[in-house]
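# Structural description and commentary
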Amino acid sequence: AADGSLFWRVFQHVGSCSQLSDYLGDDVLCLARHPTASDSPPPHPTMLLRRHAQSGFSSLSSEEDEYFGGVDPFAELEARLASDAPPPPPPASDEQVLATTHAWVKAVIVDMKVCPFSHSVDKAGLPQGGVTYPITRASSVEQLYQAFWEQVGELDRVDEREVATVLLLAPEFTSGSAEGFDAFADSLNEALTSLKLEEKLQLVFFHPGFAFRDGKERMGGEGAAANFARRSPVPMINLLRTPQVRAAQKGIPTGSVYDTNEKNLASVGSEQLQEMLHRCEWSALEGRTYLPHQTRAAIESAANR
């Protein structure tokens, strides 16, 4: 933008990212200059990444580093613990991740109609378009930010009938920490607001440990099954086109979708759903019948009787 407003909003997003990042903010400092600056303006909008000068053991504060003489006092203990720990299981291959995700999407998202506008594993949206499942092996916040913005650009470049929605799969990112994933999700939603992208893009997040924040009892009891509308085999970011979301909401109100999903999931039960998720096996759902989603017209007609 000529006045630099977009540039500074991007820079603000970078600052927000640094609060979660492993390197940005701690090891790497981001500085920004714009041609509209009053003193010594650069010829072009510029962001400079500068590595902090470091010495000694980097994870300690400067006072601690000086006290310990630049030697990590916990290195020997950490090495011993690491040698006693069993080796981690090998990560699932991309083919395994994709096959498991497809099975979950078909059983829960499509057949149970958790998303009433998902027509099949590969088709969704209004108008109907394709669904893509890119996989990123990102394990750091920086890596997943990069993968996410690449998909934002890709979705913007293609027609909605070619790609209606994207499910970005991140099997190696905070799979054991729903809270950490929530914090990352918040930073992306804040970016859509600050960069004024909400008119184009909306996000839905899925995680193996997802829990709704609506104030109801979701961790146990009768309401727990509702969480499985958003509990997926691996962490996922669903990129949705805002015009399609609004078209869908005109047909079926969002609140009605939530209520129907909660009843259908409760009919299966949270324990059974958790067991299926743990085993990545949803064949027990085959042949079940579920409550249909009510259209806005049907809801208004019933209210006027």
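You'll find the structure just up there.
## Details of the overall build of the protein chain
Secondary structure summary: the protein chain contains 10 helices and 7 strands in total. Considering only intrachain contacts with a sequence separation of at least 6, the fraction spanning at least 24 residues in the protein chain is 70%. Counting every atom, the protein chain has about 17600 Å² of accessible surface; 54% of that belongs to carbon and sulfur.

## Topic: helix 6 (residues 178-194)
For helix 6, which comprises 17 residues, the first-to-last C-alpha distance of 24 Å matches the rise-based estimate of 24 Å (1.5 Å per residue) to within 8%. Along helix 6, the positions that sit buried rather than exposed are Ala178, Phe181, Phe184, Ala185, Ser187, Leu188, Ala191, Leu192 and Ser194. Backbone geometry just downstream of helix 6 places Lys196 in the positive-phi region, at approximately 55°.

## Description of the packing of helix 1 (residues 5-18) against helix 6
For any two helices packed against each other, one specifies the inter-axial angle together with the distance between the axes. It is at 10 Å that the axes of helix 1 and helix 6 come closest, and there the two elements cross at 170°. In this view, helix 1 runs roughly antiparallel relative to helix 6, as classed from their interaxial angle. Side by side, helix 1 and helix 6 meet where Arg9, Gln12, His13 and Ser16 of the first sit next to Ser187, Glu190, Ala191 and Ser194 of the second. Classifying every residue of the contact of helix 1 with helix 6 gives 1 nonpolar, 5 polar and 2 charged.

## A closer look at the pairing of strand 5 (residues 165-169)
Buried residues dominate strand 5, accounting for 5 of its 5 residues. Both faces of strand 5 are covered, namely the face carrying Thr165, Leu167 and Leu169 and the face carrying Val166 and Leu168. Of the strand pairs in this sheet, strand 4 (residues 129-132) and strand 5 are connected by 2 bridges, and their pairing is parallel. The residue bridging Val131 from the neighbouring strand is Thr165, located in strand 5.

## Notes on the packing of helix 5 (residues 141-157) against helix 6
One way to put it is that helix 5 packs onto helix 6 with a least axis distance of 12 Å and a crossing angle of 40°. Considering the angle they form, helix 5 stands oblique to helix 6. Both helix 5 and helix 6 take part in a crossing whose hand is right-handed. Between helix 5 and helix 6, the contacting residues are Val141, Leu144, Tyr145, Phe148 and Trp149 on the first element and Phe184, Ser187, Leu188 and Ala191 on the second. Among the residues making up the contact of helix 5 with helix 6, the classes are represented as 8 nonpolar, 1 polar and no charged.

The rules behind each value
- Along each chain, residues carry numbers from 1 onward, in the same order as the chain's sequence is written.
- Residues qualify for local features only when their pLDDT is at least 70, as the model is predicted, and side-chain atom pairs are given and counted only at 80 or more; totals for whole chains, interfaces and linings, by contrast, use all residues.
- The side-chain figures draw on all heavy atoms in the structure; neither hydrogens nor water molecules are used.
- Under the DSSP-based scheme used, a helix requires at least four consecutive residues in state H or I and a strand at least two consecutive residues in state E, with every element numbered from the N terminus.
- Should any heavy atoms of two residues lie within 4.5 Å, those residues are counted as being in contact.
- Per-residue and other accessible areas follow the Shrake-Rupley method at a 1.4 Å probe size, with only the shown protein chains counted as cover for residues.
- Multiplying one less than the number of residues by 1.5 Å gives the expected span of a helix.
- A simple rule labels every residue: compare its accessible area, found with a 1.4 Å probe on the protein chains alone, to the largest value its type can have, and call it buried under 20%, exposed over 50%, or partly exposed in between.
- Fitted lines through C-alpha atoms give the axes, limited to the stretch in contact for helices. The angle between two N-to-C directions lies from 0 to 180 degrees.
- An angle below 35 degrees is read as roughly parallel, one above 145 as roughly antiparallel, one from 65 to 115 as roughly perpendicular, and any other as oblique.
- Classes in brief: Ala, Val, Leu, Ile, Met, Phe, Trp, Tyr, Cys and Pro nonpolar; Asp, Glu, Lys and Arg charged; the others, Gly included, polar.
- Note on pairing: DSSP must find at least two bridges between two strands before they are called paired.
- The hand of a helix crossing depends on one turn: near helix anticlockwise from the far one by less than a right angle means left-handed, and clockwise means right-handed.

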